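Single-letter residue listing:
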Amino acid sequence: MQCHVDNTQAGDGTEAEQDEAPLLAQQPSFHTGLCSARCGLALVLHISLFVAYALRVSLSIAIVAMTNSSHPHGWSGSAPHSSYLAPVYNWSAETQGIVLSSFFYGYSLTQTLGGYCSGLLGGKPVLGSGLLLSSVLTLLMPQAAELGVSFLIGLQALLGLAEGVIFPAQYTLWAKWAPPLERSRLMNIADAGCTFGTFFALLVAGIICQTLGWPFVFYIFGEPKKVWTACAGDVRQERRHWLMFYSFQGSSHGHSLPLVAMAKSLPLWAITIACFCTDWLFYMLLTSMPTFMSNILHFDLRENGLLSSLPYIGNGLGHILAGLLADFLLARRVLGTAAVRKLFSALGMLLPAIFLVAVPYIGCSSTVVVVLLTLALTIISMTGAGININHIDIAPRYAGFLLGITNTFGIVAGIIAPTADLQTGWRNAFFVSAALNLFGLIFYVAFGSGTIQDWAREDTHLHPALSTS
């Protein structure tokens, strides 16, 4: 299949946009309030991602109390005390780093597989299975640590494998559930669960370690495995109603995929490159910000821990606000889909790059530096209404699989960026990240699209996917 590349800017009246415009204008008004099934699904997925990210970061907090050596990122609290005598292990900082990074090796392997399976089996069973397995594996962490560090590394990799399917699965769900004029806010409300879950874990895990002992971090965080299924509910009727209306989005994909057409698609490459560049900056800041505050700004550990956690709140709130504003612009026809995606991508990529370039010239004003870095991590959330959901605009049938591809590139950036940047020095690290973001933005603005690509269309007049997967 030959790939049709659509480089059209939003709002210029292409045939594809003209075909979809009447449907967008007639978006049904049924169940549009907070009690609608779609809003319920956004809440369910928010909780799911909240739990998933709390499970993900639980070890990074507990490992401080698990070891009698220095944690690689420092510790902002006092030594843990409890009536429960938790074991303490003699692991070096290098060993701790291997244990923590092993998650991402597993996480990167199931991104595309999770998207592919979600397209075949449905997003709900894949997401639910991934979350349930993640909870079970988290409960086993204390036993794995007792058996030896090799078992803990293996279990962490398995946890990464389990959580790797969650994001692609939720994109498959949104491809069938989120109407175009509600897509931004619904998906960003769900995605905000990631940063809120991380913030909650950072806030609570240390207290649990100090009062109950570190094993209880895993026992408590691993328990909410029933949250997802308990909140799911029966939403079959509303989904059947709107799927018939939005039949142009097509059904889930079959066993075969148009891989050649995908590889030739400039709009898909635009998303992939922009995601790689954005994740480079995002992960560099998240992993390196505590070290920068300690070594360069000379904050003590308690101040460091508090200030390093602030961007999580800003990022979560930024996701929600960006989604609401993007849908407002689309609903009022101020801008077309492609223009909205590029606008929010530009805000979320260009402004953080400017802040990073400014940091080396601030001098000794630590307050201003902290404000700029916090704003950079907060405003980058604007890409949640841009490149991060553009997969569903250009190929809703393959949204989960495409998200798996772009997420894999982003994970690679997250693995490389902190090490590569810190080897070049802080000033060069900020400049390189800013330059990459600028390059990714230019490429995305030039080749991004807001319309369904020809290789993602389905020749059918009736939507066959009326199951609740």
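All chains use their own residue numbering, which begins from 1 and follows the written sequence. Residues qualify for local features only when their pLDDT is at least 70, as the model is predicted, and side-chain atom pairs are given and counted only at 80 or more; totals for whole chains, interfaces and linings, by contrast, use all residues. Only heavy atoms go into the side-chain values, all of them from the structure, while hydrogens and water stay out.

Numbered from the N terminus, helices here are DSSP runs of H or I no shorter than four residues, and strands are runs of E no shorter than two. Check the secondary structure of the protein chain and you find 20 helices and zero strands. Note on exposure labels: buried denotes an accessible area under 20% of the residue type's maximum, exposed denotes more than 50%, and partly exposed covers the range between, all computed with a 1.4 Å probe on protein chains only. Burial status across the protein chain gives 55% buried among its 469 residues. Put simply, 85% of the contacts in the protein chain that link residues at least 6 apart link residues at least 24 apart. The method behind every accessible area is Shrake-Rupley, applied with a 1.4 Å probe, and residues are considered shielded solely by the protein chains displayed. On the protein chain, roughly 19000 Å² of surface is accessible, and the fraction owed to carbon and sulfur atoms is 67%. Any two residues whose heavy atoms approach within 4.5 Å at even a single point are treated as in contact.

It is worth spelling out the packing of aromatic side chains at this point. Stacked, tilted and edge-to-face are the three classes assigned to paired rings of Phe, Tyr and Trp, where Trp is represented by its six-membered ring and a pair needs centres within 6.5 Å; plane angles under 30 degrees give stacked, over 60 edge-to-face, the rest tilted. Summed over all chains, the structure comprises 16 aromatic pairs. For the pair Phe50 and Phe200, a centre-to-centre distance of 5.4 Å together with 45 degrees between the ring planes defines the contact as tilted. Remark: Phe200 occurs in helix 9 (residues 183-211) and Phe50 occurs in helix 2 (residues 37-66); sequence separation between them is 150 residues. Classification of Phe50 by relative accessible area gives partly exposed; the value is 23%. When the centroid spacing of 5.6 Å and the interplanar angle of 75 degrees are considered together, the rings of Phe282 and Tyr283 count as edge-to-face. Three or more aromatic residues link up through ring pairs in this structure, and these residues are Tyr89, Trp91, Trp214 and Phe218. Across the ring face of Tyr53, the terminal group of Arg56 is positioned such that the distance to the ring centre comes to 4.0 Å. For a lysine, the NZ atom is tested; for an arginine, the CZ atom; a charge sits over a ring if that atom is within 6 Å of the ring centre and within 35 degrees of the ring normal. Its end group placed over the ring of Tyr107, Arg56 keeps NZ or CZ at 4.4 Å from the ring centre.

Once that is clear, we can look at unusual backbone geometry. Note: most residues except glycine have negative phi, and most peptide bonds are trans. Residue Arg333 is not a glycine yet carries a positive backbone phi of 60 degrees. Looking at where Arg333 falls in the secondary structure, it is placed in the loop between helix 15 (301-331) and helix 16 (337-358).

A word on the pattern of salt bridges. When the charged atoms of two side chains lie near each other, side chains of opposite charge can form a pair. For salt bridges, the criterion is a side-chain nitrogen of Lys or Arg within 4 Å of an Asp or Glu carboxyl oxygen. One pass over the full model with this rule turns up six salt bridges. Arg183 is paired through a salt bridge with Asp393; the nearest N and O atoms lie 2.8 Å apart. Of this pair, Arg183 sits in helix 9 while Asp393 sits in helix 18 (residues 390-394), placing them 210 residues apart in sequence. Taken as a pair, Arg183 and Asp393 share a single burial class, namely buried. The closest approach of N and O atoms between Asp454 and Arg457, which form a salt bridge, is 3.7 Å. Note on Asp454: relative accessible area 40%, which makes it partly exposed. The exposure class of Arg457 is partly exposed, given its relative accessible area of 35%. Residues participating in the shared-partner salt-bridge network are Arg183, Arg341 and Asp393.

Turning to a nonpolar patch on the surface, a few remarks are in order. Among the surface-exposed residues, Tyr105, Val412, Ile415 and Ile416 lie close enough to one another that they form a single nonpolar patch of about 340 Å² accessible area. Considering every element that reaches the nonpolar patch, the biggest residue donor is helix 19 (residues 399-423), with three residues. Each patch is assembled from residues with relative accessible area greater than 30% and no salt bridge, linking like charges that lie within 9 Å and nonpolar side chains (Val, Leu, Ile, Met, Phe, Trp, Tyr) that lie within 5 Å.

Burial of nonpolar side chains together is a common tendency in soluble globular proteins. Counting residues in each nonpolar core, the largest one holds 62 residues, and the members touching the most others are Met66, Leu152, Phe167, Trp174, Trp214 and Phe221. Looking at this core element by element, the count peaks at 17 residues for helix 2. Ignoring anything within four residues of it in the chain, the contact list for Leu152 reads Met66, Trp91, Val99, Met141, Ala144 and Ala145. Ranked by size, the runner-up nonpolar core spans 32 residues in total, among them Phe292, Val340, Leu356 and Leu373. What makes a nonpolar core is a set of buried Ala, Val, Leu, Ile, Met, Phe, Trp, Tyr and Cys residues whose side-chain atoms join them at distances within 4.5 Å.

Attention shifts here to the environment of Tyr361. Counting through the fold element by element, Tyr361 comes out in the loop between helix 16 and helix 17 (366-379). Judged by relative accessible area, Tyr361 falls into the exposed class, the value being 59%. In contact with Tyr361, other than residues within four places in its own chain, are Arg427 and Phe431.

Low pLDDT means the predicted atomic positions in that stretch should not be read closely. On average, residues of the protein chain score 79 in pLDDT, and 75% of them are at 70 or above. For every residue, the predictor assigns a confidence score, pLDDT, that lies between 0 and 100. Considering each helix and strand of the protein chain separately, the mean pLDDT is smallest for helix 1 (residues 15-25), with a value of 45, and largest for helix 13 (residues 259-264), with 95. In the model, residues 1-23 has pLDDT below 50 throughout and makes 50 contacts with residues more than four positions away in sequence or in other chains. Across residues 69-83, confidence stays below pLDDT 50; counting only partners more than four residues off in sequence or on other chains, it has 34 contacts.

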